[in-house]
Structures are given as C-alpha cells and as structure tokens.
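# Residue-level structure breakdown
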Amino acid sequence: GAVVSQHPSRVICKSGTSVKIECRSLDFQATTMFWYRQFPKQSLMLMATSNEGSKATYEQGVEKDKFLINHASLTLSTLTVTSAHPEDSSFYICSADGQGKNIQYFGAGTRLSVL
Amino acid sequence: KQEVTQIPAALSVPEGENLVLNCSFTDSAIYNLQWFRQDPGKGLTSLLLIQSSQREQTSGRLNASLDKSSGRSTLYIAASQPGDSATYLCAVKGSGNTPLVFGKGTRLSVIA
C-alpha cells in the first residue's frame, strides 16, 4: 500500500523557536495533503489543506502566519510552527490523498512538546 | 458541515466478549467511511474502509457495516482480546479532495 513518511516523530523545543515537520508520500504523488492536530484525549481536527503549487487553505481558527504550510512538490508538504509556545504542544499528523483513489494515507505523526 | 459522533466514548469489557462500536454522521453524501485504531501516543492504523456503495467490510475478527441513508456505521469486534485495547476512530470522506472528518473516538479497554 501507499506509504506516507512523517518526520520528525518527536520534537522538544524551547518556547519561541520554530519547528518544521515534513510529510512525504514515498511511492505516489499527492496533489493534496492534509494537516491535522490532536490534543490529548481529543480527536483529530483538520488544520489546513495543502495543495501542490498553491496556497494552503486553513480551517477557521487556525493562524496561517503561525502554521506555515509549503507544498512545493507532489511528494512533499511541510508544516512550520513558528515561534512555538507551550499551548502549541500537540500531536500533528499529516495525510496524503492517493491520486484518484479518494483514500487518505496517514503519516505516523509528530509529537511536539514546547517547553 | 459534516459532523461525526461516536458512542460510547469509552467502553470496558471482559476478555472474550463481542462488542459493537457506533458511529453516526450528519451528511449522508459521503464517498467512504473508515475505521481506525489509535494506540496511546501513536499514529493511526487503518482497520477497515467501506465505500459508499458497500454495506460492510470484514477483516479477521472485525466487521464494519454502513447504512449510508441513515448515516450510521458500526464496528463489530468478535471475541475481544486485551490487545484490542485502544481508541477506535470513525471518519468519513466526501467526494473530491476533501479531508476526512473524524469522530471523537471510543476508548476501549479489554480486561483479561
């Protein structure tokens, strides 16, 4: 099956630093990737939809200047959490839409802890 | 806007019991429905995917049904085992490049 690689799996950083998370589709091209966030004991909430070659579409309440998304190629999308604060600590997970299959393949997630 | 509800929020059963997890969604115009398993602190494991034209899917001890018109799906787990303990998430997908919409999950504990 299709594989989505997400890196890093875990990151601990100081407040005020920026963190970049990568999401790669390894054996297929993904014109669309999605970024979700999951707080403890909560479900996955969509943050933004990332389309290759165009600006990301952010969900209501998600700051686009804080969560920078770049989808420069058909196999890579990145999420940068700028000036991270403790309240940004969460589990971030990406998914890629398999071309023409209407199936989303998920990365393993990134656990961000901001001290 | 699509909303997905899962009942119960948590469930504890003794080993060996058969159990049913429920999922309902407000907009029946879905393309597919998926059940996932999530272990604490881990990512998602896809269990079963049901296309909108299908009524059920089976994998081992798991059986998922879909009643699209009534906006319901169930996940049936037969002969539960302690290793089944996890959070089970239901998610639905609309057509096109639309994201999955997740329910809040059911936390299952199977007691040995």
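Each value, and the rule that gives it
Residues numbered from 1 in each chain as written. Chains lettered and ligands numbered in written order. Predicted model: local features only at pLDDT ≥ 70, side-chain atom pairs only at ≥ 80, totals over all residues. Heavy atoms only, no water. Helix = DSSP H or I, 4+ residues; strand = E, 2+ residues; numbered from the N terminus. Buried < 20%, exposed > 50% of the residue type's maximum accessible area, 1.4 Å probe, protein only. Salt bridge = Lys/Arg side-chain N within 4 Å of Asp/Glu carboxyl O.

## Section: unusual backbone geometry
- Of note, the amide linkage connecting His7 of chain A to Pro8 of chain A takes the cis form, showing an omega dihedral of 0 degrees.
- A cis amide bond links Ile7 of chain B with the next residue in sequence, Pro8 of chain B, at an omega value of -5 degrees.
- Take Pro8 of chain B: it is sitting in the loop between β1 (4-7) and β2 (10-14).
- The backbone of Lys41 of chain A sits at a positive phi, close to 60 degrees, despite the residue not being glycine.
- Residue placement: Lys41 of chain A occurs in the loop between β4 (32-38) and β5 (45-51).
- Note on Lys41 of chain A: relative accessible area 74%, which makes it exposed.
- A positive phi angle, near 45 degrees, is found at Ala79 of chain B, a position not held by glycine.

## Some words on the pattern of salt bridges
- This structure, assessed with the given rule, holds 5 salt bridges over all chains.
- For Lys93 of chain B, the salt bridge identified is with Asp97 of chain A, shortest N-O distance 3.9 Å. Residue Lys93 of chain B is found in strand β9 (residues 86-93), and its partner Asp97 of chain A is found in strand β9 (residues 90-97); the two belong to separate chains.
- We classify Asp97 of chain A as buried; its relative accessible area is 3%.
- Here Asp84 of chain B and Arg61 of chain B are joined by a salt bridge, their closest N and O atoms 2.8 Å apart. Here Asp84 of chain B, found in the loop between β8 (72-77) and β9, pairs with Arg61 of chain B, found in the loop between β6 (56-59) and β7 (62-67); they are 23 residues apart in sequence, far enough to count as distant.
- Overall, the relative accessible area of 29% leaves Arg61 of chain B in the partly exposed class.

Purely spatial values, then, with no claim about function.
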